[in-house]
Amino acid sequence: METKSIWEKYSKKTEIKILKNNLDIDVAIVGGGMTGLSTGYFLKNSNLKACIFERGKIAEEITSKTTGKITFLQENILTEIENIYSRNRAEKYYKSQKCAIELINNIIEENNIECDLKKVDSYCFATNKSDIKKIRREENILKSFGEEVESIKKLPDGLEVDYGIKVSNTFVFNPIKYLYAIKKRIKDDINIYENSKVTKIEKQDNNYILTINNYKVRAKKVVIASHYPYFLFPYLMPLKCSLEKSYIGVFKTVEKCDFSAISYSNPVLSLRYLEEKEEKYKFILTNSHNISVKPNEKENFSKLKSKNPSYLWSNIDIITKDYMPYIGEIDKNLFIATGYNTWGMTNSTLAGTIISDLILEKENIYTHLFNPKRHNNIKTIIKYPLYSFLNSYSFLNSKINRSKNWYKNIKFKNINGTKVAIYKDENNIEHVVKANCPHLGCGLIFNEIEKTWDCPCHGSRFDLDGHAIAGPSNYDISFK
């Protein structure tokens with residue numbers, strides 16, 4: 001069993017360009033995942049001097065953790081949006097997802113990208129009778145939009161369900177193959193810098209100054225295309241979203257199935273299949289929870305691990321108050337794309353086209369829908385106290401009883417006034433790191449399966465020796 005994403009084996013040893021000098025550019029795109037590269041793709045013919053800056057390698061973090069679904073059937077998200085806003089707003093979101101599916105297909109076709117794109121049926125199903133009404137409501141909403149929906153009682157792999165719905169014209173693909181092809185396609189027009197960590201963004205007159213690898217980059221416009229923005233003020237991201245952690249196992253199978261599915265239940269059960277030349281695999285995503293609770297990662301992974309997967313990993317998604325992403329301008333010439341509510345493949349593609357259109361001063365019919373400064377209503381305002389509580393709870397809980405009762409080979413000490421955590425590996429080598437996250441000071445939790453230090457407040461992750469591998473933290477926790 002490998003405790004990493006199956007997609008990581010498709011990473012290529014391509015030429016890496018590292019920032020080693022000061023720059024003066026038009027557009028700085030911070031983040032080299034699906035959002036950053038999509039934005040670069042839509043800007044490639046603009047004659048703007050644009051650069052992408054990625055802290056590690058492109059697509060190695062959040063994009064590599066996805067299951068690679070491209071679908072508009074997203075649990076009961078249309079029902080949720082209708083409950084908060086209106087049927088009209090839900091229809092606009094539905095159309096945006098259909099648009100994103102078409103965009104991805106067009107990009108793949110126009111550039112002859114080999115990324116195992118496969119057209120499949122998508123299913124949403126109930127695993128208990130109490131959820132049947134909720135599935136039926138989503139079904140009725142889809143039908144009101146003119147979508148062809150079929151009711152089912154069994155998935156193609158034989159799994160019997162209490163009730164389910166099926167739609168067509170959805171897809172699955174290999175996201176890493178896709179993004180490496182995009183990188184190759186845009187690199188002559190957009191400079192892509194990897195191993196180039198942005199540690200500071202400051203506003204100066206009408207420009208932004210980015211500190212990257214101790215060099216200064218002056219940019220007229222900045223796109224924050226990282227998973228979770230590192231800044232707290234003035235945009236108060238912790239009060240606008242929560243973080244959900246999920247666990248994914250990939251299993252060898254003899255089943256020849258081509259479909260994707262997701263349950264309407266808690267915890268969610270999400271399925272898809274992958275066929276390679278020599279092997280067939282089944283993806284199972286389950287046990288999703290708010291990162292503020294259930295910190296015992298060994299227990300969280302246990303159900304999947306007990307089934308002997310070939311690959312096992314976790315992923316964190318940002319859930320917004322109204323189930324729609326934040327995409328657009330948050331300050332003059334400062335753009336953001338985040339909060340994809342587990343549906344990153346479609347929404348990150350939309351983000352690329354929306355933000356590029358804003359930069360190029362073009363009209364985009366979805367700009368208003370996903371505006372990060374969109375007005376609240378009472379149904380979103382009432383979530384502020386909840387998110388405030390969860391942030392406070394996770395912070396306080398991370399400080400109390402650091403040495404969890406399930407830990408093995410973990411010790412906590414105070415060395416010269418610094419709180420440190422020490423992990424002793426299977427070779428009896430000690431790995432010493434600072435015990436608090438540099439972002440906002442939350443106490444870190446050791447993930448014994450993936451061998452990482454994880455922040456239970458805002459999702460920063462660090463490797464065994466303290467190197468930051470996922471934000472919002474921009475700084476390492478190495479202790480020497």
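Residues numbered from 1 in each chain as written. Predicted model: local features only at pLDDT ≥ 70, side-chain atom pairs only at ≥ 80, totals over all residues. Heavy atoms only, no water.

Quick look at the overall build of the chain
And then number 1: If you tally the helices and strands in the chain, you get nine helices and 24 strands.
And then number 2: For 480 residues, the compact-globule formula gives about 23 Å, and the C-alpha radius of gyration of the chain, at 22 Å, lands near that figure.
And then number 3: Contacts spanning at least 24 positions in sequence make up 69% of the contacts within the chain whose residues lie at least 6 apart.
And then number 4: For the chain, the computed accessible surface area is about 21,000 Å², with 47% contributed by carbon and sulfur atoms. (Helix = DSSP H or I, 4+ residues; strand = E, 2+ residues; numbered from the N terminus. Rg over C-alpha atoms; globule rule 2.2 N^0.38 Å. Contact = heavy atoms within 4.5 Å. Areas by Shrake-Rupley, 256 points an atom, 1.4 Å probe, with all protein chains shown as cover.)

Brief notes about helix 3 (residues 87–110)
And then number 1: Helix length check: helix 3 (24 residues) gives 34 Å between terminal C-alpha atoms against 34 Å at 1.5 Å per residue, within 8%.
And then number 2: Listed as buried for helix 3 are A90, Y93, Y94, S96, Q97, A100, I101, L103, I104, N105, I107 and I108.
And then number 3: Just past helix 3, the residue N112 takes up positive phi, approximately 50°. (Expected span 1.5 Å × (residues − 1). Buried < 20%, exposed > 50% of the residue type's maximum accessible area, 1.4 Å probe, protein only.)

Remarks on the packing of helix 1 (residues 34–43) against helix 5 (residues 175–186)
And then number 1: Taken N-terminus to C-terminus, the directions of helix 1 and helix 5 make an angle of 35°; their axes are 10 Å apart at the nearest point. Considering the relative orientation of helix 1 and helix 5, their crossing is left-handed. On the side of helix 1, the interface is formed by M34, L37, G40 and Y41, while helix 5 contributes Y178, L179, I182, R185 and I186.
And then number 2: When its residues are assigned to classes, the contact of helix 1 with helix 5 shows seven nonpolar, one polar and one charged. (Axes fitted to C-alpha atoms, helices over the stretch in contact; angles between N-to-C directions. Left-handed = near helix turned anticlockwise from the far one by under 90°. Nonpolar A, V, L, I, M, F, W, Y, C, P; charged D, E, K, R; others polar.)

Some words on the nonpolar core
And then number 1: Residues I6, L142, Y178 and F370 are the most contacted members of the largest nonpolar core, which totals 78 residues.
And then number 2: Of the residues forming this core, the biggest block, eight residues, is contributed by helix 3.
And then number 3: Ignoring any residue separated from it by four or fewer positions in sequence, one finds F370 in contact with Y93, S96, M324, P325, Y326, I327, N347, L350 and I354.
And then number 4: Membership of the second largest hydrophobic core comes to 20 residues, among which are V198, A219, V222 and I330. (Core = buried A, V, L, I, M, F, W, Y, C linked by side-chain atoms within 4.5 Å.)

Notes on the state of the cysteines
And then number 1: According to the stated counting rule, one finds one disulfide in the structure shown.
And then number 2: One disulfide in the model links C442 with C457; its S-S distance is 2.0 Å. The S-S bond linking C442 to C457 shows a torsion near -105°; that makes this disulfide left-handed. Of this pair, C442 sits in the loop between strand 20 (430–434) and strand 21 (445–447) while C457 is found in the loop between strand 22 (452–454) and strand 23 (461–462), placing the two residues 15 residues apart along the sequence.
And then number 3: Classification of C442 as buried rests on a relative accessible area of 2%.
And then number 4: A relative accessible area of 5% places C457 in the buried class.
And then number 5: Lacking any disulfide linkage, C257 is separated from the closest cysteine sulfur, that of C124, by 18 Å. (Disulfide = S-S within 2.5 Å.)

Fair warning: the whole summary comes from geometry, so function is off the table for now.
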